[in-house]
Amino acid sequence: MPILVNGEVVPDALIRAEEQRVRVLPEWKAAEEHPEFKMRLRAAAEDGAINRVVLAQAAARVTAPLDETEIDHELARQTAAGGCRSAFDARELRSNIANTFLTEAVIRDVAGPMSLPSERDIRKFYETNRGEFLQPESVKVAHVVKHVDERCGETEASRVIEEAQGELERGTPFDAVVLKYSDCKENHGELGYFARGVMVEEFDQAVFALRPGERTGIFRTPFGFHIAEMRERRAPMVVPFGEVRADIEKALIFGAKREAFERAITKLRGRAEIRRISRAEAQKLQPRASGAGA
C-alpha cells in the first residue's frame, strides 16, 4: 500500500531507488538467500524513502539563504580533486553540493550542534583500539616478471625469464635486469610493503620464505614467470599514532554526523503524520505530490 507523509505520497520511484541503494550494502548482499529477503528489503527501502521525504520537507521550510561562496569553494575543491579523470556537469555538481549543504543545515537545526572530536578523543580511540591498528608481518620485494598472455606464450615467456636469470647469475644488478627484461619496470620492479594474502598464493609462498638480500629462482604464478628479490622484512607492529590520526579523526567525525542524522530523523518522524493509504486515495493525491528526494 502507498505511504502518505504529511499529506505527500512517497513516490514509487524513490522507494525503488532506495532498494537499489540498500541491496548493494554488504550486510544485505549476505542475506540474499534468506526466504524473507525481498520483504525485508522492501521494508528497509520504504523506511529510507520516508526518511528522505521528511528531510526534503524540512529543507523546503528553510528560509535562510545558503552561503554561495562556500558552495563555490566546495565546487572548486571537488573539481580539482576530480582532475581530468572524469567528465561531469558543473551545474549538476553545484546543485548536488547545495542540496547537501541544505540537508546538513536541516540536521543541525533539528538535532542541535554536533560536537567534533577533540585531540583527547582521537588519542583515546587509538589507545582503546590499538589492536585494530596492528599491522601484520610485511615484506618489501622487487621482481622481474614475464607475463604469459595473448601477446607472449608460455614458451617465449619461459625463454625470456631464463635469459634474465642467466644475467643475474653472471652478476648483473637486479635493477638493470628488471629494466631489460621485466614487463613491470615501474620503480625498478619494487612492489613496496605487503602482507600475506595481498598477492596470489604462489607469490607469497616464494617470497615469504626469503631473508633480506635473498632471491628466488624462477617460479610460476597465474600471471606468468617471476624472479623475486627480498629487500626488507617488517615484523608485526602497531601502526604509530601519527600515521593513523587523520583517519581516526575522519571516522569519529563521520560517526558524529551519523548520530546527528539519526537524532534529526527521529525528531522529524516523531512530528510527522505517516500512514498507509489505498491506491485509489494515492492516485487522487498524486498530482499534488512533490516527489521529494526523487
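Residues numbered from 1 in each chain as written. Predicted model: local features only at pLDDT ≥ 70, side-chain atom pairs only at ≥ 80, totals over all residues. Heavy atoms only, no water.

A. View of the overall build of the chain. Of regular secondary structure, the chain possesses eleven helices and nine strands. Dimensions of the chain along its principal axes, counting C-alpha atoms only, are 85 × 50 × 40 Å. Relative to its full complement of 294 residues, the chain shows a buried share of 36%. In the chain, 70% of the contacts between residues at least 6 apart in sequence involve partners at least 24 apart. (Helix = DSSP H or I, 4+ residues; strand = E, 2+ residues; numbered from the N terminus. Buried < 20%, exposed > 50% of the residue type's maximum accessible area, 1.4 Å probe, protein only. Contact = heavy atoms within 4.5 Å.)

B. Local environment of a positive patch on the surface. Taken together, the side chains of Arg-61, Arg-263, Lys-267 and Arg-271 define a basic patch exposed on the protein surface. With respect to the helices, strands and loops of the structure, Arg-263 is situated in helix 10 (residues 241-271). (Patch = residues over 30% accessible without salt bridge, like charges linked within 9 Å, V, L, I, M, F, W, Y side chains within 5 Å. Areas by Shrake-Rupley, 256 points an atom, 1.4 Å probe, with all protein chains shown as cover. Salt bridge = Lys/Arg side-chain N within 4 Å of Asp/Glu carboxyl O. Lys, Arg positive; Asp, Glu negative; His and termini not counted. Charge placed at Lys NZ, Arg CZ, Asp CG, Glu CD.)

C. Region of interest: the confidence of the model for the chain. Here the chain averages 90 in pLDDT, while 95% of its residues score no lower than 70. For the chain, the element scoring lowest by mean pLDDT is helix 2 (residues 26-29), at 83; strand 6 (residues 219-221) scores highest, at 97. Low confidence marks residues 288-294, where pLDDT is under 50. Its contacts with residues over four positions away, or in another chain, come to 14 contacts. (pLDDT = per-residue confidence, 0-100.)

D. Main features of helix 1 (residues 12-23). For helix 1, built from twelve residues, the straight-helix expectation of 16 Å at 1.5 Å per residue is met to within 8% by its first-to-last C-alpha distance of 16 Å. The inward-facing, buried residues of helix 1 contact helix 2 and helix 3 (37-60). (Expected span 1.5 Å × (residues − 1).)

E. Examining the pattern of salt bridges more closely. For the coordinates displayed, the defined rule picks out 30 salt bridges. One salt bridge connects Arg-40 with Glu-36, and the closest N-O pair in it is separated by 3.7 Å. Three or more residues are tied together by salt bridges with common partners; here these are Glu-19, Arg-42, Glu-46 and Arg-276.

F. The arrangement of the packing of aromatic side chains in detail. According to the stated counting rule, one finds six aromatic pairs in the structure shown. Measuring from ring centre to ring centre gives 5.2 Å for Tyr-126 and Phe-241, while their planes differ by 70°; the resulting arrangement is edge-to-face. Placement of Tyr-126 in helix 6 (residues 119-128) and of Phe-241 in helix 10 is noted, with a sequence separation of 115 residues between them. With relative accessibility at 4%, the residue Tyr-126 sits in the buried group. One aromatic cluster in this structure is built from Phe-194, Phe-203, Phe-208 and Phe-219. (Phe/Tyr/Trp six-rings, centres within 6.5 Å; stacked < 30°, edge-to-face > 60°.)

G. Quick look at the environment of Thr-266. Along the chain, the position of Thr-266 falls in helix 10. Thr-266 gets classed as exposed once you look at its relative accessible area, which sits at 57%. A C-alpha to C-alpha distance of 9.7 Å links Thr-266 and Val-110, two positions 156 residues apart in sequence. Here Glu-262 takes part through its backbone oxygen, which lies 2.8 Å from a polar atom of the side chain of Thr-266. (Polar contact = N/O pair within 3.5 Å; in protein donor to acceptor, adjacent residues only side chain to side chain.)

H. Here's a closer look at the nonpolar core. The biggest cluster of nonpolar side chains holds 24 residues, and the ones touching the most others in it are Val-5, Val-10, Val-54, Leu-55, Val-106, Ile-107 and Leu-268. Every element with two or more residues in this core is listed here: strand 1 (3-5), helix 1, helix 3, helix 5 (90-111) and helix 10. For this core, the element with the highest residue contribution is helix 3, accounting for eight residues. Setting aside chain neighbours within four positions, we find Val-54 in contact with Val-5, Ile-265, Leu-268, Arg-269 and Ala-272. (Core = buried A, V, L, I, M, F, W, Y, C linked by side-chain atoms within 4.5 Å.)

I. Looking closely at the side chain of Asn-51. Tracing the sequence through the fold places Asn-51 in helix 3. Here Asn-51 is in contact with Ile-265 and Arg-269, once residues within four sequence places are set aside.

J. Fine view of the packing of helix 3 against helix 5. With their axes 9 Å apart at the nearest point, helix 3 and helix 5 run at an angle of 90° to one another. In terms of orientation, helix 3 and helix 5 fall into the roughly perpendicular class. For the pair helix 3 and helix 5, contact is made by Leu-55, Ala-58 and Ala-59 and by Leu-102, Thr-103, Val-106 and Ile-107, respectively. The residue inventory of the contact of helix 3 with helix 5, partitioned by class, reads six nonpolar, one polar and no charged. (Axes fitted to C-alpha atoms, helices over the stretch in contact; angles between N-to-C directions. Parallel < 35°, antiparallel > 145°, perpendicular 65-115°, else oblique. Nonpolar A, V, L, I, M, F, W, Y, C, P; charged D, E, K, R; others polar.)

K. The arrangement of the state of the cysteines in detail. Scanning all chains against the criterion turns up zero disulfides. The structure places no disulfide on Cys-152, whose sulfur is separated from the nearest cysteine sulfur, that of Cys-184, by 13 Å. Taking relative accessible area as the criterion, Cys-152 reaches 9% and is therefore assigned buried. The exposure class assigned to Cys-184 is partly exposed, which follows from its relative accessible area of 26%. (Disulfide = S-S within 2.5 Å.)

L. Region of interest: the sheet that holds strand 9 (residues 274-276). Spatially, three strands are ordered 2-1-9 in an open sheet, and the strand pairing comes out antiparallel. In the strand order of this sheet, the two ends are held by strand 2 (8-9) and strand 9, each with one partner. Two strands pair when backbone bridges link them, and strand 1 and strand 9 are joined in this way by three bridges, in the antiparallel orientation. Looking across to strand 9, one finds that Leu-4 is bridged to Arg-275. Together, strand 1, strand 2 and strand 9 form the strand contacts of helix 3, whose direction differs from that of strand 1 by roughly 25°. (Pairing = 2+ DSSP bridges.)

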